[in-house]
Amino acid sequence: KQVVSTQSTGAPKEKKKKKVSAVKENDLGDMDADEFMASFGDDGDTNNVSKPPAKPKTKAKKKSKKSKSVNSDEKAESSEQNAEEHTPDTPSHDENIPKSGNVVKGLSQLEGKDSDFFKFLQENDPDLLNFSGGEDSDDLSGVDSEDENAEDVTQAENDVIESDAEKMSDNDPELETEITTEEPDLPESTSLSINVTSRLLKKWESQLEKNSLPTWKQLVRAFQAAVVTAKGDEPESEMKYTIVDPDIVNKVIMICLEHTSDVLKHHLGENPTSSSKWNRVKMSLKSYLTSLTELLGLLTSNDVLCAVMRHCKTMLPYYAAFSRLMKKFVKSHVVVWGSKAEMSRVVAFTCLQAVVKKIPTFLEDILKKMYVEYTKCSKIMNPKTRDNIMLMRNSLVEMFKINPSITYTTGFLYIRQLAVTLRSVIVNKKEIESVYNWQYINCLHVWVSVLSDCDACLQPLIFPLIQVMMGVIKVHSSPCFYPLHLHTIRLMLHLAAATNKHIPLVHSLMGTLEFCATINKAPATKPVDLTCVLRVTKGYKKTKAFQDGVFDLTYELLLNYISQLSQSISFPEVSFPITVWLRKFNKKCNNSKYTSQLKQLLEKMETVSRDLTDKRSSVSFTPKDLEAVTKWRVSLVSPLLPSISTPGSRYIGLW
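What counts as what
- Residues numbered from 1 in each chain as written.
- Predicted model: local features only at pLDDT ≥ 70, side-chain atom pairs only at ≥ 80, totals over all residues.
- Heavy atoms only, no water.
- Helix = DSSP H or I, 4+ residues; strand = E, 2+ residues; numbered from the N terminus.
- Buried < 20%, exposed > 50% of the residue type's maximum accessible area, 1.4 Å probe, protein only.
- Contact = heavy atoms within 4.5 Å.
- Areas by Shrake-Rupley, 256 points an atom, 1.4 Å probe, with all protein chains shown as cover.
- Expected span 1.5 Å × (residues − 1).
- Salt bridge = Lys/Arg side-chain N within 4 Å of Asp/Glu carboxyl O.
- Core = buried A, V, L, I, M, F, W, Y, C linked by side-chain atoms within 4.5 Å.
- Phe/Tyr/Trp six-rings, centres within 6.5 Å; stacked < 30°, edge-to-face > 60°.
- Disulfide = S-S within 2.5 Å.
- Polar contact = N/O pair within 3.5 Å; in protein donor to acceptor, adjacent residues only side chain to side chain.
- Patch = residues over 30% accessible without salt bridge, like charges linked within 9 Å, V, L, I, M, F, W, Y side chains within 5 Å.
- Lys, Arg positive; Asp, Glu negative; His and termini not counted.
- Charge placed at Lys NZ, Arg CZ, Asp CG, Glu CD.
- Axes fitted to C-alpha atoms, helices over the stretch in contact; angles between N-to-C directions.
- Parallel < 35°, antiparallel > 145°, perpendicular 65-115°, else oblique.
- Left-handed = near helix turned anticlockwise from the far one by under 90°.
- Nonpolar A, V, L, I, M, F, W, Y, C, P; charged D, E, K, R; others polar.
- pLDDT = per-residue confidence, 0-100.

Student: Mind showing me how you'd approach the overall build of the chain here?
Tutor: The helix and strand inventory of the chain stands at 31 helices and two strands. Burial analysis of the chain (655 residues in total) assigns 41% to the buried set. By sequence separation, contacts in the chain at least 24 residues apart represent 70% of the contacts at least 6 residues apart. Carbon and sulfur atoms make up 53% of the accessible area of the chain, which amounts to about 37,000 Å² in all.

This is the structure in structure tokens:
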């Protein structure tokens with residue numbers, strides 16, 4: 001009644017707003033519900049604990065008198081203001097919650113002290129009298145409800161995922177096993193790794209026979225671990241599988257070689273990138289191909305290496321989808337082609353040929369890499385390496401024959417490089433070692449072989465190459481380098497015979513024969529095979545063994561040169577200077593072995609000249625008629641060839 005009368009008199013608001021400390025001194029009859037609750041916040045037992053946020057009331061609880069509602073609102077503002085004054089700057093969650101024991105104790109004493117107010121509360125706010133720590137319970141129940149809601153959302157998402165999986169499996173039966181067996185894409189950084197065992201490999205192998213794609217993905221991870229073990233590195237922490245036993249490493253590799261191609265072909269078809277499953281397989285396939293390429297550089301067994309390269313050849317459609325991996329594929333196979341055993345070289349060459357057929361744009365890059373590898377591997381020539389160098393040269397020539405236009409640009413580049421190197425040596429003789437070596441000679445040999453059987457577009461490269469070889473002979477005329485001169489002459493004779501070009505080599509051949517005119521009185525030594533020698537020491541050049549070797553090789557090349565000249569209608573005139581020089585040599589030479597062989601050669605040359613002169617006397621065309629001369633030369637078989645029974649042919653056959 002006192003509260004109502006105060007509101008009706010229109011007292012000022014300043015008098016109605018009282019501090020909590022002053023309210024505690026008033027009688028309970030002068031308090032409304034909010035003031036009563038705020039009074040317990042400043043109890044002596046509590047340390048300035050602020051009042052918790054008021055619980056919002058429903059409209060049904062606000063149907064009391066207007067005067068009381070206005071008064072309660074004003075006093076609530078005062079209590080909130082006082083609470084802000086007593087609240088710390090950074091209160092914790094526990095400090096904002098009042099002690100429920102004090103509130104319950106005050107409510108139990110209210111009935112005896114102020115029965116009218118207690119009845120008022122029973123009529124208007126019965127929930128307040130039933131207070132039993134409800135604030136705390138409401139907060140806890142709110143947390144529980146949030147957790148329950150989160151669990152409901154998670155369960156609903158799982159239900160949606162399962163329903164989608166069922167629909168996918170109904171539409172595509174092949175996906176059913178993958179949905180049920182494939183592990184989720186979890187982060188790879190796990191501290192525990194699974195050790196691959198024989199039992200696990202048997203399980204995988206049985207599933208791979210059914211073309212299981214998830215099992216193949218797990219096998220790829222195991223294959224990566226196998227490559228790491230083969231390297232000798234420690235396994236990384238994020239790797240799912242680890243392999244310790246070398247036998248398990250071999251088994252994993254063999255299972256991959258046996259089943260990978262079939263599984264990928266089953267799921268991706270002939271055109272992998274256009275398949276609907278390409279995005280699901282792309283990353284695993286890329287990691288597999290990367291590990292497979294690394295494995296080529298780790299294998300030492302030729303049988304296993306050949307098996308892996310054959311598998312790489314079947315994986316070319318998938319390598320073609322990754323340009324960087326294709327470059328690594330080419331590089332690794334070029335290294336095998338230049339450094340391993342003969343069988344491995346052949347398999348690597350077939351793989352490179354398959355790359356060119358699959359992707360013709362890689363031809364130029366492959367040719368350059370193979371040529372550079374050939375130059376690296378041809379630095380040393382001996383009976384052991386000669387066959388390997390010959391194999392590499394023949395296979396490189398086959399690659400150059402694929403596209404003549406690319407061969408022309410590549411050949412022009414490298415022949416010019418040889419010419420520049422030769423020019424630097426002519427200017428500075430101290431750099432002679434950059435030309436007088438097996439690497440330079442073997443490079444010349446490659447281009448002679450390429451141009452010996454070439455198209456018309458490569459004909460302009462013949463003359464520059466001949467000029468380079470002639471310059472190599474003229475760099476140094478010392479007898480120590482006669483083996484190199486004779487190797488270069490042999491290359492020019494081979495090129496002249498294949499291209500029907502005349503190369504003047506008489507002066508070079510006669511210069512080496514002059515060295516054999518005098519008898520060396522040095523002590524006898526073991527003969528040396530000049531086919532694998534470019535130069536000899538100053539002491540060895542005075543030996544009888546070196547002189548015999550030079551004469552035999554020069555005599556062989558002279559026979560080949562004369563044989564080529566005998567196919568020309570002008571042989572009687574061209575051979576005349578040679579016969580004159582050989583007769584002078586026989587007069588100066590004191591070695592009966594050399595003179596006897598040269599006398600036989602002179603007799604055969606004179607016989608061939610007489611035969612050609614008799615046949616030429618019956619023709620009606622002149623030397624200016626080049627077409628008629630060419631036809632006559634084609635119809636005329638060389639008298640010095642073994643296919644015709646003539647004195648010259650019998651002599652060359654016996655020699």
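Moving on, there is more to tell.
Student: Whenever I open this one, helix 23 (residues 462-475) confuses me. Can you help?
Tutor: Two residues of an α-helix separated by three or four positions point the same way, owing to the 3.6 residues in each turn. Taking 1.5 Å per residue as the helical rise, helix 23 with its 14 residues ought to reach 20 Å, and the 20 Å between its terminal C-alpha atoms agrees with that figure. Of all 14 residues making up helix 23, ten are buried, and the element is well covered by its neighbours. Among the residues of helix 23, those classed as buried are Ile 462, Leu 465, Ile 466, Val 468, Met 469, Met 470, Gly 471, Val 472, Ile 473 and Val 475.

Student: Help me understand helix 25 (residues 506-515), please; the structure alone is not making it clear to me.
Tutor: Looking only at helix 25, the buried set comprises Ser 508, Leu 509, Met 510, Thr 512, Leu 513 and Phe 515. Those residues of helix 25 that are buried lie in contact with helix 23, helix 24 (482-499), helix 26 (544-565) and helix 28 (576-588).

Student: Mind showing me how you'd approach the environment of Lys 429 here?
Tutor: Locating Lys 429 in the fold gives a position in the loop between helix 21 (404-427) and helix 22 (438-452). A relative accessible area of 46% means that Lys 429 is categorised as partly exposed. As for Lys 429 and Val 475, which are separated by 46 residues in sequence, their C-alpha atoms are 8.0 Å apart.

Student: In this structure, what is going on with the pattern of salt bridges? I would like to understand it.
Tutor: Pairing is possible between side chains of opposite charge, provided their charged atoms come close. Inspection of the entire model under this criterion finds eleven salt bridges. In this structure, the salt-bridge partner of Arg 490 is Glu 556, at a minimum N-O distance of 3.5 Å. Linking Arg 490 in helix 24 with Glu 556 in helix 26, this pair joins segments that are 66 residues apart in sequence. Classification of Glu 556 as partly exposed rests on a relative accessible area of 24%. Between Lys 588 and Glu 514 there is a salt bridge, with its nearest N and O atoms 3.3 Å apart.

Student: Where do I start with the environment of Val 330 in this structure?
Tutor: Inspection of the secondary structure assignment puts Val 330 in helix 17 (residues 323-339). Separated by 36 residues in sequence, Val 330 and Ile 366 place their C-alpha atoms 7.0 Å apart. Ignoring any residue separated from it by four or fewer positions in sequence, one finds Val 330 in contact with Leu 352, Val 355, Phe 362, Ile 366 and Lys 369.

Student: Would you explain the nonpolar core in this entry?
Tutor: Inside soluble globular proteins, nonpolar side chains tend to come together where they are buried. Core analysis: the largest hydrophobic core is formed by 159 residues, its most contacted members being Trp 216, Val 252, Leu 285, Leu 444 and Leu 582. The element contributing the most residues to this core is helix 26, with twelve residues. Leave out the neighbours within four places in its chain, and Trp 216 touches Leu 208, Thr 260, Val 263, Leu 264, Val 281, Ser 284, Leu 285 and Tyr 288.

Student: Honestly, the packing of aromatic side chains in this entry has me stumped. Any pointers?
Tutor: Describing an aromatic ring pair means giving the distance of the ring centres and the angle of the ring planes. Inspection of the entire model under this criterion finds 17 aromatic pairs. What links up through ring pairs into an aromatic cluster is the set Tyr 371, Phe 400, Tyr 414 and Trp 447.

Student: Please clarify how the state of the cysteines should be interpreted in this entry.
Tutor: Covalent bonding between the sulfur atoms of two cysteines defines a disulfide. A complete count under the given rule lists zero disulfides for this structure. Sulfur of Cys 312: no disulfide; nearest cysteine sulfur belongs to Cys 351 and is 6.8 Å away. Residue classification places Cys 312 among the buried residues on the basis of a relative accessible area of 0%.

Student: Got a minute to help me understand the environment of Lys 588 in this structure?
Tutor: By the secondary structure assignment, Lys 588 is in helix 28. Residue classification places Lys 588 among the partly exposed residues on the basis of a relative accessible area of 46%. For the pair Lys 588 and Glu 514, spaced 74 residues apart in the sequence, the C-alpha separation amounts to 9.2 Å. Separated by 3.3 Å, the side chains of Lys 588 and Glu 514 make a polar contact.

Student: Looking at this model, I keep getting lost on a positive patch on the surface. Mind explaining?
Tutor: Together, Lys 282, Lys 286, Arg 324, Lys 327 and Lys 328 line one region of the surface with positive charge. Among the elements of the structure, helix 14 (278-296) and helix 17 are those that each provide at least two residues to the positive patch. With respect to the helices and strands, Lys 327 occurs in helix 17.

Student: Would you explain the side chain of Thr 407 in this entry?
Tutor: One can find Thr 407 in helix 21. The buried category is assigned to Thr 407, whose relative accessible area is 1%. If sequence neighbours within four positions are ignored, Thr 407 has contacts with Phe 400, Val 450 and Leu 458.

Student: Just checking my understanding: could you explain the packing of helix 13 (residues 246-268) against helix 14 for this structure?
Tutor: Between two packed helices, the angle of one axis relative to the other and the distance separating the axes together describe the packing. Packing of helix 13 against helix 14 brings their axes to within 12 Å, and their N-to-C directions diverge by 150 degrees. Relative to helix 14, helix 13 is oriented roughly antiparallel. Note that helix 13 runs across helix 14; the crossing there is left-handed. Here helix 13 contributes Ile 253, Cys 256, Thr 260, Leu 264 and Leu 268 to the contact with helix 14, which in turn contributes Trp 278, Val 281, Leu 285, Tyr 288 and Leu 295. Across the contact of helix 13 with helix 14, the residue classes break down as nine nonpolar, one polar and no charged.

Student: Could you clarify how one ought to interpret the confidence of the model for the chain in this entry?
Tutor: Of the residues in the chain, 68% reach a pLDDT of 70 or more, and the chain-wide mean stands at 76. Ignoring residues within four places in sequence, the model shows residues 133-191, a span with pLDDT below 50, making 27 contacts including any to other chains.

Student: Can you help me understand unusual backbone geometry in this one?
Tutor: Positive phi, close to 60 degrees, is recorded for Asn 211, a residue that is not glycine. Position of Asn 211 relative to the elements: it lies in the loop between helix 11 (198-208) and helix 12 (213-231). The phi angle at Asn 500 is positive, at roughly 60 degrees, despite the residue not being glycine. With respect to the helices and strands, Asn 500 occurs in the loop between helix 24 and helix 25.

Student: Hey, could you run me through the side chain of His 311 in this one?
Tutor: Note on placement: His 311 falls in helix 15 (residues 302-314). Ignoring sequence-local partners within four residues, the contact set of His 311 consists of Cys 256, Leu 257, Thr 260, Ser 261, Tyr 288 and Leu 292.

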